[in-house]
Amino acid sequence: MKLFDKNALPPKQEALCFANENLAEWNARIPLTDAEKADIERLKTKEEYFIQRFLTLLPFGTAGLRGEMVPGCSAMNRATVALTTLAMAETVLEAGGGDKGIIVGFDSRLHSAEFARLAAEILAVKGIRVYLFDELRPTPELSFSIRRLGCQAGINITASHNPKKDNGYKVYWNDGAQLPPEQAKQVAAKAMSMDFWAGLEIAAKFDAAAQKNLHILDRSADEYYFDTLLSLRIIPDLPAGAKDISILYSPLHGAGYRIVPEILRRAGFTRVTSVPSQATPDGTFPTAAKPNPQFPEVFEPGITLAKETNASLIIATDPDADRSGLALQNADGSFVTLNGDQIGILLLDYIIKGRLLSQSMPEKPFVIISIVTSPLVDRICEQYTIPLYHVYTGFKYIGEKIREKEDFGGETCIFAYEESHGYLPGSYCRDKDGVAASLLIAEMAAFHSTQGMTCADAIDAIYAQYGYIGDFQDAIIIHAADPMIKAAIIMEKLHQNPPVEFDGVKVAHINDYLSSTRTCLTTGHVSPITLSSDNVISFELTDGCRITARPSGTEPLIKFYYSIPAKNQKAALVRRHAFKAALESMME
């Protein structure tokens, strides 16, 4: 295979020639099915896409790989998984981590178990101690297990909440957090320098000797995770009657299907019912085209069932169970789904109040959020004088901050979250944990019931105390031969020629995280931003609204985040739609 960096491709006709040669070599190594041949013929009509598929590698970053499961060098398949695993093996061996080992896990997606086994066998052939889960597990349990077993790294085959056509290869380092940039660059460079088929050739050498390096983790390994989660409860001795609440749970056909109901049962919640149509692991996600709990439509089967069973609480986790969502029953019997900030604010409020009530607040507590998380968190932490740290979006940054403040600073993380439904109530693992969040949501609901309140009442009380802020986001999909490059161009325009007003309201401050500067448009004063450089820009308007733009690191889109102080949600939504229209016109 002759491969190129996607930013250094040869001239188009030469690139097409090389791509066709690579396609022929692929077919010789891994014969294409008739359906795959037809798909590639259609792809050839879009030459740029064809070139990308067969002339470049799937980009590897701190989050690993993510892509469509189709033939090609820039896609998720056995060849790319094998190549990446071989590069990962060499990186671990150079770090002296072969004896410490690597844990391999997987979710319910198509081919996830197959890819996980392939990765485990390659690592074992390379002489690395390998721990392979015997069945699908939540991503946070893998992060937790890295720390428990003292492993050098972890690999999880998952594409989280992406559509069914995708899969991914998520990589962790020895602290349980996502792979640091230095190691990610090493893996990417090694993969690019290797023969493309080297990984599969190593896999073919798996034998009885290599088998001795492969250790299967069965359900007994879950007990350590369960015990840790139960220790995180804020008020574990709530009255038994308080836990007699009817809860519906949906794993969205994913890895939470067994773990979440079990942890709730062990915590004393006996009226937990899994939504039948979504309870079985299934990589085709038949009831959820977008298996993401941030989308209200995934709750529809649960809401229908809740009306029949009088359940007032519906919890959902995504396919790898690192994100969680919540739907609540209103006083009129209707259901409303909460966004990621609303859930995060509810949990933070409960954790602080509950720890104070149970006298379990650590001596030096702290909270971590992303820079696009609701400003209500700042107000809550200020009320209780709890240090709050802001980081970039992505749990790798939260993991880094926990390491800095807790491992080396003597402080204790009581809660971390990002607005995309990722929550972590401690530091036992270094990634978001939908299982732990589900447990705390149930406990929080039980606690509020002892106060004569529902979770809906509790969020209203928070708004009454701190003021209403509407937090929303829009993801504008980029359509182009290389949508990631087009997204970069759009972001560059926002940095180089930023707007000075939105919907007739002037911009007061611009936080340009790429140049690490904060500019006051009234005085022209420029001050430094202490975070490292990143491709994010935020606009603070004179009326208190905030608009932030950042490109997705894994999908061809730009995300826009709005925080809008308003009288109520209806008024905030009017502003949100106006801001979105203004942004769309800027991107034309």
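In this report, we go over the structure that sits alongside the text. What you see is a predicted model; the values in this text were computed from it and never measured.

Right, let's get into the environment of aspartate 207. Relative to the elements of secondary structure, aspartate 207 occurs in the loop between α8 (198-203) and α9 (208-211). Counting along the chain gives 227 residues from aspartate 207 to glycine 434, while the straight-line C-alpha distance between them is 37 Å. A polar contact of 3.2 Å, which involves the side chain of aspartate 207, links it to the backbone nitrogen of alanine 209.

Examined against the element boundaries, histidine 390 turns out to sit in strand β13 (residues 388-391). Taking relative accessible area as the criterion, histidine 390 reaches 31% and is therefore assigned partly exposed.

Right, let's get into the sheet that holds strand β11 (residues 335-337). On the basis of which strands lie adjacent, the open sheet formed by five strands has the order β8-β7-β9-β10-β11 and mixed pairing. Each edge of the sheet is formed by a strand with only one pairing partner; in this case those strands are β8 (272-274) and β11. Neighbour-to-neighbour, the strand axes of this sheet turn through a mean angle of 25 degrees, independent of strand direction. Bridging between strand β7 (residues 247-250) and strand β9 (residues 313-317) involves four bridges; their strand directions are parallel. By the bridge assignment for β9, isoleucine 247 is matched with leucine 313. Contacts from helix α12 (residues 300-309) reach β7, β9 and β11, with the element oriented near 160 degrees to β7.

A word on helix α14 (residues 376-383). Within α14, burial applies to Leu376, Val377, Ile380 and Cys381. The arc that holds every buried residue of α14, seen down its axis, measures 130 degrees, which confines them to one face. One or two positions beyond α14, positive phi appears at threonine 385, with a value near 50 degrees.

On to the side chain of aspartate 341. Along the chain, aspartate 341 turns up in helix α13 (residues 340-357). For the buried aspartate 341, no salt bridge exists, and the shortest N-O distance to an oppositely charged side chain is 6.7 Å, to arginine 546. Every residue in contact with aspartate 341, bar those within four places of it in the chain, is listed here: Val372, Thr373, Ser374, Tyr417, Glu419 and Asp471.

In this section: the pattern of salt bridges. Under the definition given, this model contains 37 salt bridges. Notably, a salt bridge pairs arginine 109 with aspartate 107, separated by 3.6 Å at the nearest N-O pair. Classification of arginine 109 as buried rests on a relative accessible area of 4%. Using a relative accessible area of 3% as the deciding quantity, one classes aspartate 107 as buried.

Turning to the sheet that holds strand β4 (residues 153-157), a few remarks are in order. Across the sheet, six strands lie side by side as β1-β5-β4-β2-β3-β6; this open sheet has mixed pairing. The open sheet has two edge strands, β1 (65-68) and β6 (214-217), and neither has a second partner. The mean inter-strand angle of the sheet, taken between neighbouring strand axes irrespective of direction, is 15 degrees. Taken together, the three bridges between strand β2 (residues 102-106) and strand β3 (residues 130-133) define a ladder with parallel strand orientation. Among the inter-strand pairings, isoleucine 103 is bridged to a residue of β3, identified as tyrosine 131. Lying over the sheet, helix α4 (residues 78-94) contacts β1, β2, β4 and β5 (166-173), oriented at roughly 5 degrees with respect to β5.

We now examine the packing of α13 against α14. At a minimum axis separation of 10 Å, α13 and α14 run at an interaxial angle of 5 degrees. Taken together, the axes of α13 and α14 lie roughly parallel to each other. Each of Ile345, Leu348 and Ile352 in α13 lies in contact with α14, whose residues at this interface are Leu376, Val377, Ile380 and Cys381. Class assignment for the residues of the contact of α13 with α14 results in seven nonpolar, no polar and no charged.

Below, the discussion takes up the nonpolar core. Leu229, Leu313, Tyr428, Leu541 and Phe560 are the most contacted members of the largest nonpolar core, which has 110 residues in total. No other element matches helix α16 (residues 434-450), which puts 11 residues into this core. Among all residues touching phenylalanine 560, those that are not within four sequence positions of it are Phe472, Gln473, Asp474, Ile476, Leu494, Thr548, Ala549, Leu583 and Met587. Counting 64 residues, the second-largest nonpolar core is a separate cluster that includes Ala87, Phe196, Trp197 and Ala255.

With that out of the way, let us pick up the state of the cysteines. Within this structure, the stated rule accounts for zero disulfides. Cysteine 73 forms no disulfide, and the closest cysteine sulfur to it belongs to cysteine 17, at a distance of 15 Å. The closest cysteine sulfur to the non-disulfide-bonded cysteine 429 is located on cysteine 413, 10 Å from its own sulfur. Given a relative accessible area of 0%, cysteine 429 falls into the buried group.

Turning next to the packing of helix α6 (residues 139-149) against helix α10 (residues 222-231). For the pair α6 and α10, the least separation of the axes is 10 Å and the interaxial angle reads 100 degrees. Here α6 is positioned roughly perpendicular relative to α10, judged by the angle of their axes. For the pair α6 and α10, the contacting residues are Pro140, Glu141, Phe144 and Arg148 in the first and Asp222, Tyr224, Tyr225 and Thr228 in the second. Residues that form the contact of α6 with α10 fall into these classes: four nonpolar, one polar and three charged.

For the rest of this paragraph, the subject is helix α7 (residues 181-193). Look at α7: 18 Å from first C-alpha to last across 13 residues, which is about the 18 Å you get at 1.5 Å a residue. Within α7, the full set of buried residues consists of Gln183, Ala184, Val187, Lys190 and Ala191. In a view along the axis of α7, the buried residues occupy a sector of 130 degrees, so they form one face of it. Exposed positions of α7 whose direction lies more than 90 degrees from the buried face are Glu182, Lys185 and Ser193. Those residues of α7 that are buried are in contact with α4 and β5.

Before going further, it helps to spend a moment on empty space enclosed by the protein. Counted by the stated rule, this structure contains two cavities of 30 Å³ or more. For the largest cavity, the calculated volume is near 50 Å³. Every residue along the wall of the largest cavity is listed here: Asn339, Asp341, Gln342, Ile345, Tyr463, Tyr468, Ile469, Gly470, Asp471, Phe472 and Gln569. Among the secondary structure elements, those contributing two or more residues to the lining of the largest cavity are α13 and β16 (469-477). For the lining of the largest cavity, the element with the most residues is β16, which contributes four residues. In terms of residue class, the lining of the largest cavity is built from five nonpolar, four polar and two charged. One number sums up the size of the second largest cavity: a volume of about 30 Å³. Considering the residues around the second largest cavity, the lining is formed by Ser250, Leu252, Val275, Gln278, Val298, Phe299, Gly302, Ile314 and Ala316. Residues of the lining of the second largest cavity, tallied by class, amount to six nonpolar, three polar and no charged.

Here is what the cut-offs are and how they apply
Here the residue numbers are simple positions, counted from 1 along each chain's written sequence. Side-chain atom pairs in this predicted model are given and counted only at pLDDT of 80 or more, local residue features only at pLDDT of at least 70, and totals for whole chains, interfaces and linings cover all residues. Hydrogens are left out, water is left out, and the side-chain values use all remaining heavy atoms of the structure. Where helices and strands are cited, they refer to DSSP runs of H or I of at least four residues and of E of at least two residues respectively, numbered from the N terminus. For the purposes of these results, a polar contact is taken to be a pair of N or O atoms within 3.5 Å, where, inside protein, one atom must be able to donate a hydrogen and its partner to accept one; residues adjacent in sequence count only when each atom of the pair is a side-chain atom. With a 1.4 Å probe rolled over the protein chains alone, any residue whose accessible area is under 20% of its type maximum counts as buried; one over 50% counts as exposed, and the rest are partly exposed. Between any two strands, at least two bridges found by DSSP are needed for them to pair. Every axis corresponds to a line fitted to the C-alpha atoms, with the helix fit spanning only the stretch in contact, and the corresponding angles, defined between N-to-C directions, vary from 0 to 180 degrees. The contact definition used throughout considers only heavy atoms, calling two residues in contact when any of these lie within 4.5 Å. The arc in question is traced by the directions running from the helix axis to the C-beta atoms. By the counting scheme adopted, Arg and Lys are positive, Glu and Asp are negative, and His together with the chain ends is not counted. A pair is scored as a salt bridge if a Lys or Arg side-chain nitrogen falls within 4 Å of a carboxyl oxygen belonging to Asp or Glu. The labels follow the angle: roughly parallel below 35 degrees, roughly antiparallel above 145, roughly perpendicular from 65 to 115, and oblique for the rest. Classification used: nonpolar for Ala, Val, Leu, Ile, Met, Phe, Trp, Tyr, Cys and Pro, charged for Asp, Glu, Lys and Arg, polar for all others including Gly. Only buried residues count toward a nonpolar core. Its members are Ala, Val, Leu, Ile, Met, Phe, Trp, Tyr and Cys residues joined through side-chain atoms within 4.5 Å. Note on terminology: disulfide denotes any pair of cysteine sulfur atoms within 2.5 Å. Helix span, expected: 1.5 Å multiplied by one less than the number of residues in the helix. As defined here, a cavity is a set of points on a 1 Å grid over the protein atoms alone where a 1.4 Å probe fits but cannot get out. A pocket is an open set with protein on both sides within 12 Å along at least five of seven lines, and residues line them when an atom is within 4 Å of a point. Grid points are joined across faces, edges and corners, and a volume is the space filled by probe spheres set on the points.

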